[in-house]
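Each chain is listed here by its residues.
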Amino acid sequence: MPARAQTANATLRGSGPANAQVTAKNVATGAVRVTRTDSRGSYALVGLQPGTYRVDAGPGTQRTVTLTVASTATLNLAAAKAPAGTTTLGAVTVTATTLREVKTPEVGGTISLRQIQTIPQISRNFLEFADTVPGMVFNVDSSGHTSLRGGAMNDSSVNVYIDGVGQKSYVKEGGVAGQFASQGNPFPQLAIGEYKVITSNYKAEYDQIASAAVTAQTKSGTNEFHGETFYRYTNDAFRERTPAEKDAGRKTASQEKEYGFALGGPIIQDKMHFFLTYEAKRFNTPITVVPSADAAPGAAHLPPEVAAQLGPANLPFRENLYFAKIDWEPTDRDRIEATAQIRREDQYDGIGDQDAASAGFDVKNDDKRYALRWQHSGEAYFNELLFTYESSFNKPTALNYGNGYSYTWSRANDPTIVSVGAASPLATQNKGQRGPAIQDDLTFNDLEWHGDHVVKIGFKKKLATLEAADAADVNPQFTYNVTSAGTAATPYKAFFTKPVLGLGLSPTVTTKSQQFGAYVQDDWDVNDKLTLNLGVRWDYERTPSYTDFVTPANVIAALNSQDPNAPAGQTYAQTLARGGIDVNDYISNGHNRSAYKGEWQPRLGFSYDLFGDEAHVIHGGAGRAYDRDLYDYLQLETTKSALPEYTIYFQDPATGQCYKGNTPCYPWDPKYLQGLGNLQALLGAASNAGTEVDMLNNKLKAPYSDQFSLGMSNQFGAWQTDATVTRILSHDGFAFTLGNRYPDGAFFKDNSQPWGNGIPGFGAMIVGNNGIATRTTQLLLSAEKPYTKESGWGATFAYTFTHAKQNRDIGEHYSFDEATIGDYPFITSNAAAKHRFVATGNMDGPWGLVLSAKLTLATPLPFNGIGCFANVEFATGTDCSPVAATPPGSKFLIGGKIWGYRDIDFQATKNFDLGHGITLYGRFDVMNVFNWKNFVDYIPTYDDNGHTAVVYNPVGNITFVPRTFKFEVGMKF
């Protein structure tokens, strides 16, 4: 009779004396839950807080057990022998058996508090430990940004639930709100008890997700006062130089400080408790400014003052995290919780890769979430009612104001060498979400029909106000062409904004999104060996700024006007039709769009216990999961109508021609560098020339994935192992493509795209459609020996083999290299390494030391780029096409140069018992012990015959860190 929700609650099931009362008392808080066994002796206790319980069903049946987060465990109270797969843990006052969940179709694993407290850690982001689960990758990029990815899908498809409150971002990328391009943590680590990672085949309770789910349990106060405080520090004196710093002959100043505290205890003994925590970060992270992979040869031909801005830079960062919880158990059937979490960040960003420090911006991240929960437990049912409110906003602003300058290498796709000066007007934004939600989950835990059933039904209604300001009326950007002969004296292109006046339009769009989801889940114990998990959910979301949008009349008129580049009588709409684009698919009258109603998601699973002892269990499942189209994309139709973005071209003074024949084309005048107003005046009071027009398909759907798995878990003594094969097919990812076409409908002519043949009187036509897809097969192998006080050690091993294809880089939603997203070939994905291995170990060492280590190995991530070949013409009519190539790696102990990522970390902690329950500790972490250089920047080469080779840039950025020492002191009481 298993049942589980994303709320992190645990379920305890099993058998005992018939018609007996089963009582479970939480050892730490005194909370009591009761139910009764049925006439056959079966029972289920639903909605238990993870923790240690004394459970009994009458004389001689008492057991003390520990339940883990989001788990369903079996405990047969009539049996004296512990179930297979359990381990014994030493608690403060009791010895408890940890009950493991093995009869589940879900693919994933649980991260214990012991692992969180002991595994070496680069940053106090609790999600960092998720990569000990096969199929997961926690990444720290060259800018210090952290991200979590499941399989070969993008970061945005992940969802994290903290005490049942989803942290999903509806506007910006990154999955977790506030996590897009952030060095920060989504939640204070001191407040996390443990968490579960589900990589695929989750049950119907989980919503707004397409790859991995993380469900975390926060700590609560207990009947005793406990507290903890810490301070962690490192700086550039305690790290090696990055490759770029070695090349430049100087080390960039860097520093990291992390500190915080937690306190919890009783308000009313056994009835009411409190817990609160605060954590802070103060970072200054080194970063490297380097040309894009395809533009690296152009760096040698830059003006000296521009080339000087390549190389080392840094990224200051500040974060404050707060969390508070009060829980109240007014009866043995009711629990009320109130929680508040606040996240505030301030960081410099937009520096690194091709953006120099002068072109950076300052990001303010403000995320607040509040929740009120009421749980009521009956003998045959459990109900959880949840009210939440959230406000999450991301506000970047340019560090400098004035002109920005980009330098591009002269190739078919004009890759960027470097951008300097003031940040693009697109760098100043204000995007976020706010609003309330109500959710109710009702579980029936005493149903019988050909076995025992636990049936759970639930719904969630959310009113989310979404806001977006996509740009500011500042900082024009000028682009210069760089060739082997040097840098052009005048720019060939300018990009700038110009507000529309007098029409009442606003560059900030606000919409009230209505979200609704409902599900039913039946967890059916057919017998003591076979369990079926049968569920279905349905989700719906209506975003009025999309459904009610009206295409401006002047755009419609321009589409139906004469194409100036076509024969007389041919409208631009007819030109597009020749190229396979029906403008009626993108013109909205405010009534011809509707929210997609087809998000039906069956989720089916099974587990079969071969011998009925939970030692050898075959498991599998199949299901569908829908995510959502980010509002960051949907809002562009509206915001670009109010604050249009213009791209214009300038004539080469020597030839009188515009670069590659692009339009609109104007004579160059130095006054354009003397103020944004001079550029805006060039267009005239009512001109739309050069205005980008974004148009969305009237029948957009939400992205989704179909997931399949088959595996087997086994218990061998103290070791728990699992081997699973998964197949995940994702569909309908969102992408913008170039709608422009040549008069005959072609997208390529002489290897050039029709950028100069946009909507008459306007600029480029950018169309948004579904179409990005991935195809992933993974072999997931894991082995875990949990830490026990008796053995004094624990270990985990996780191996992932990945075969993944994709038709577009999952981090790219602008896809201008082909006519449509359907024209992109499926190439080897750059989202996941072919082989990845993560091992951890922790032990109680001599002299009261706690020692641990972590090893991470991964083969190189493939390069995805656009290859151009002199002797090859592709079916699209160009000699350029998306290609993939894998760079050679490095050695590790044995074998050849096969590894793209290598890392060994160590940690040692010494505790000093001061008596009276007070412990001081000192901790030492060394990250990347052997100072391996895990490069991430590529240098590709393309021969004339369609072959692509790629190597790492040896003076480019690295992921993770060079060898770094971190020092921590703290106190617990």
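Here's a quick rundown of the structure. Since this is a predicted model, take the numbers as computed values, not measurements.

### Some words on the overall build of the protein
Consideration 1: In terms of regular secondary structure, the protein is built from nine helices and 53 strands.
Consideration 2: On the principal axes, the C-alpha backbone points of the protein span a range of 100 × 60 × 50 Å.
Consideration 3: Counting over 973 residues, the protein shows a buried share of 61%.
Consideration 4: Of the roughly 35100 Å² that the protein leaves accessible, carbon and sulfur atoms contribute 58%.

### Brief notes about the sheet that holds strand E7 (residues 72-74)
Hydrogen bonds between backbone groups are what pair the strands of a sheet, and the pairing can be parallel or antiparallel.
Consideration 1: Across the sheet, three strands lie side by side as E4-E1-E7; this open sheet has mixed pairing. Of all strands in the sheet, those bounded by a partner on one side alone are strand E4 (42-48) and E7. With strand direction ignored, the average angle separating the axes of adjacent strands in the sheet is 20°.

### Things to note about the nonpolar core
Consideration 1: Phe126, Leu148, Val160, Tyr195 and Val197 are the most contacted members of the largest nonpolar core, which has 37 residues in total.
Consideration 2: If you list the elements that add at least two residues to this core, you get strand E11 (136-140), strand E13 (159-162), strand E15 (192-200), strand E16 (213-218) and strand E50 (918-927).
Consideration 3: Residues within four places of Val160 in sequence aside, it is in contact with Phe126, Leu127, Val165, Gly166, Gln167, Val176 and Val214.
Consideration 4: Counting 30 residues, the second-largest nonpolar core is a separate cluster that includes Leu302, Leu315, Phe650 and Trp668.

### Quick look at the pattern of salt bridges
Consideration 1: Under the defined criterion, the tally for this structure stands at 55 salt bridges.
Consideration 2: Between Asp548 and Arg542 there is a salt bridge, with the nearest N and O atoms lying 2.8 Å from each other.
Consideration 3: A relative accessible area of 37% places Asp548 in the partly exposed class.
Consideration 4: Linked through salt bridges whose partners overlap, the residues forming this network are Arg33, Asp327, Glu329, Arg335, Glu337, Arg373 and Glu384.

### What about the state of the cysteines?
Consideration 1: Scanning all chains against the criterion turns up two disulfides.
Consideration 2: Paired through a disulfide, Cys658 and Cys665 show a sulfur-sulfur distance of 1.9 Å. Classification of the bridge connecting Cys658 and Cys665 rests on its S-S torsion, roughly 100°, and on that basis the disulfide is right-handed.
Consideration 3: A relative accessible area of 9% means that Cys658 is categorised as buried.
Consideration 4: Under the relative-accessibility criterion, Cys665 is labelled partly exposed at 29%.
Consideration 5: Put simply, Cys868 and Cys880 are joined by a disulfide, and their sulfur atoms are 2.0 Å apart. Torsion about the S-S bond of the Cys868 and Cys880 cystine: about 110°, corresponding to right-handed handedness. A residue pair is termed long-range when its members are at least 10 positions apart, and Cys868 in strand E45 (residues 863-868) and Cys880 in strand E46 (residues 880-885) qualify at twelve residues.
Consideration 6: Among the residues examined, Cys880 registers a relative accessible area of 9% and is labelled buried.
Consideration 7: Sequence-ordered numbering of the disulfide-bonded cysteines in the protein gives the connectivity 1-2, 3-4.

### Looking at unusual backbone geometry
Consideration 1: Between Thr663 and Pro664 the backbone carries a cis peptide bond, its omega angle lying at -5°.
Consideration 2: Tracing the sequence through the fold places Pro664 in the loop between strand E35 (645-650) and strand E36 (665-666).
Consideration 3: If you check the backbone angles, Trp847 has positive phi at about 60° while not being a glycine.
Consideration 4: Among the secondary structure elements, Trp847 is positioned in the loop between strand E43 (835-844) and strand E44 (849-858).

### Side note on a nonpolar patch on the surface
Consideration 1: A contiguous nonpolar patch, built from Tyr381, Phe444, Leu447, Ile457 and Val520 and spanning about 360 Å² of accessible area, is present on the exposed surface.
Consideration 2: Mapping Tyr381 onto the fold places it in strand E23 (residues 381-398).

### What to know about the pairing of E15
Across a regular strand the side chains alternate sides, sitting on one face of the sheet and then on the other.
Consideration 1: For E15, the tally of buried residues reaches nine of nine residues, placing the bulk of the element in the interior.
Consideration 2: In this sheet, E15 lies alongside strand E10 (residues 107-111) in antiparallel orientation, the contact comprising five bridges. Bridging from a neighbouring strand, Gly108 pairs with Ile198 of E15.
Consideration 3: With six bridges connecting them, E15 and E16 associate as antiparallel partners. Bridging across to E16, Val197 finds its partner in Val214.

### What about the sheet that holds E16?
Consideration 1: Across the sheet, five strands lie side by side as E10-E15-E16-E13-E14; this open sheet has mixed pairing. Edge positions in the sheet fall to E10 and strand E14 (165-166), since each of these pairs with one other strand and no more.
Consideration 2: Direction of pairing for E13 relative to E14: antiparallel, over a ladder of two bridges. What sits directly across from Tyr161, in E14, is Gly166.

About the thresholds
Residues numbered from 1 in each chain as written. Predicted model: local features only at pLDDT ≥ 70, side-chain atom pairs only at ≥ 80, totals over all residues. Heavy atoms only, no water. Helix = DSSP H or I, 4+ residues; strand = E, 2+ residues; numbered from the N terminus. Buried < 20%, exposed > 50% of the residue type's maximum accessible area, 1.4 Å probe, protein only. Areas by Shrake-Rupley, 256 points an atom, 1.4 Å probe, with all protein chains shown as cover. Pairing = 2+ DSSP bridges. Axes fitted to C-alpha atoms, helices over the stretch in contact; angles between N-to-C directions. Core = buried A, V, L, I, M, F, W, Y, C linked by side-chain atoms within 4.5 Å. Contact = heavy atoms within 4.5 Å. Salt bridge = Lys/Arg side-chain N within 4 Å of Asp/Glu carboxyl O. Disulfide = S-S within 2.5 Å. Patch = residues over 30% accessible without salt bridge, like charges linked within 9 Å, V, L, I, M, F, W, Y side chains within 5 Å.

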